[in-house]
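So the chains spell out like this:
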Amino acid sequence: MKIKKGDLVQVITGKDRGKQGKVIQALPAENKVLVEGVNRVKKHTKPGPGTQGGIVTVEAPVHVSNVQLVVEKDGKKVVTRVGYRFDDEGNKIRVAKRTGEDI
């Protein structure tokens, strides 16, 4: 997956289109990411020892194809695709396609 934990992403489709948030967790086996403040759903929880039951609002995973990476260029936030290149030592480095900068 080209999106990693800690990246700033923007939702490009769905009910939360246009919202930006930080990736809380990446789920590569399911091709999904958990983005803070995006795709919030109500969840009914059972009371347990030390916890109170009730209805809580939590973030649900979003498919990785529905988000796009946000990078900063000259003080402006720009959405971009992600590419890869190899440096002199053979390390794989992520590159922003639109700006050409390393991520």
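Residues numbered from 1 in each chain as written. Predicted model: local features only at pLDDT ≥ 70, side-chain atom pairs only at ≥ 80, totals over all residues. Heavy atoms only, no water.

A. Unusual backbone geometry, seen in detail. Of note in this structure, Asn-31 is not a glycine but carries a positive phi near 55 degrees. Look at Asn-31 and you get partly exposed, because its relative accessible area is 35%. Despite not being glycine, Asn-39 has its phi angle at roughly 55 degrees, a positive value. Judged by relative accessible area, which is 19%, Asn-39 ranks as buried. (Buried < 20%, exposed > 50% of the residue type's maximum accessible area, 1.4 Å probe, protein only.)

B. Quick peek at the environment of Leu-8. Within the secondary structure layout, Leu-8 lies in strand E1 (residues 8-11). Here Leu-8 falls in the partly exposed class, since its relative accessible area comes to 29%. In this structure the C-alpha to C-alpha distance between Leu-8 and Gln-20, which are 12 residues apart in sequence, comes to 7.0 Å. With near-sequence residues (within four places) excluded, Leu-8 lies in contact with Gln-20, Gly-21, Lys-22, Gln-68, Leu-69, Val-70 and Lys-77. (Helix = DSSP H or I, 4+ residues; strand = E, 2+ residues; numbered from the N terminus. Contact = heavy atoms within 4.5 Å.)

C. Expanded view of the environment of His-44. When you line up the elements, His-44 lands in strand E4 (residues 40-45). C-alpha separation for the pair His-44 and Ala-60, spaced 16 residues apart in sequence, amounts to 14 Å. Those residues in contact with His-44 that sit more than four places away from it in its chain are Gly-54 and Ile-55.

D. Structural view of the side chain of Asp-16. The topology assignment puts Asp-16 in the loop between E1 and strand E2 (20-27). Since its relative accessible area comes to 10%, Asp-16 is described here as buried. If near-sequence neighbours (up to four positions away) are discounted, Asp-16 is found in contact with Val-11, Val-38, Asn-39 and Arg-40.

E. Spatial organisation of the pattern of salt bridges. For the coordinates displayed, the defined rule picks out 5 salt bridges. Two residues, Asp-16 and Lys-19, come together in a salt bridge whose shortest N-O distance is 3.3 Å. Using a relative accessible area of 39% as the deciding quantity, one classes Lys-19 as partly exposed. (Salt bridge = Lys/Arg side-chain N within 4 Å of Asp/Glu carboxyl O.)

F. Molecular detail of the pairing of strand E3 (residues 32-35). Note that E2 and E3 share 4 bridges and pair antiparallel. Bridging across to E3, Ala-26 finds its partner in Val-33. Taking the residues that link successive antiparallel strands as the turn, the E2-E3 hairpin has 4 residues, and the phi of Asn-31 there is positive, at about 55 degrees. (Pairing = 2+ DSSP bridges.)

G. Summary view of a positive patch on the surface. On the surface, a cluster of positive charge is contributed by Lys-2, Lys-4, Arg-81, Lys-92, Lys-97 and Arg-98. Relative to the helices and strands, Lys-97 resides in the segment after strand E10 (92-96). (Patch = residues over 30% accessible without salt bridge, like charges linked within 9 Å, V, L, I, M, F, W, Y side chains within 5 Å. Areas by Shrake-Rupley, 256 points an atom, 1.4 Å probe, with all protein chains shown as cover. Lys, Arg positive; Asp, Glu negative; His and termini not counted. Charge placed at Lys NZ, Arg CZ, Asp CG, Glu CD.)

In short, shape yes, function no, at least from these values alone.
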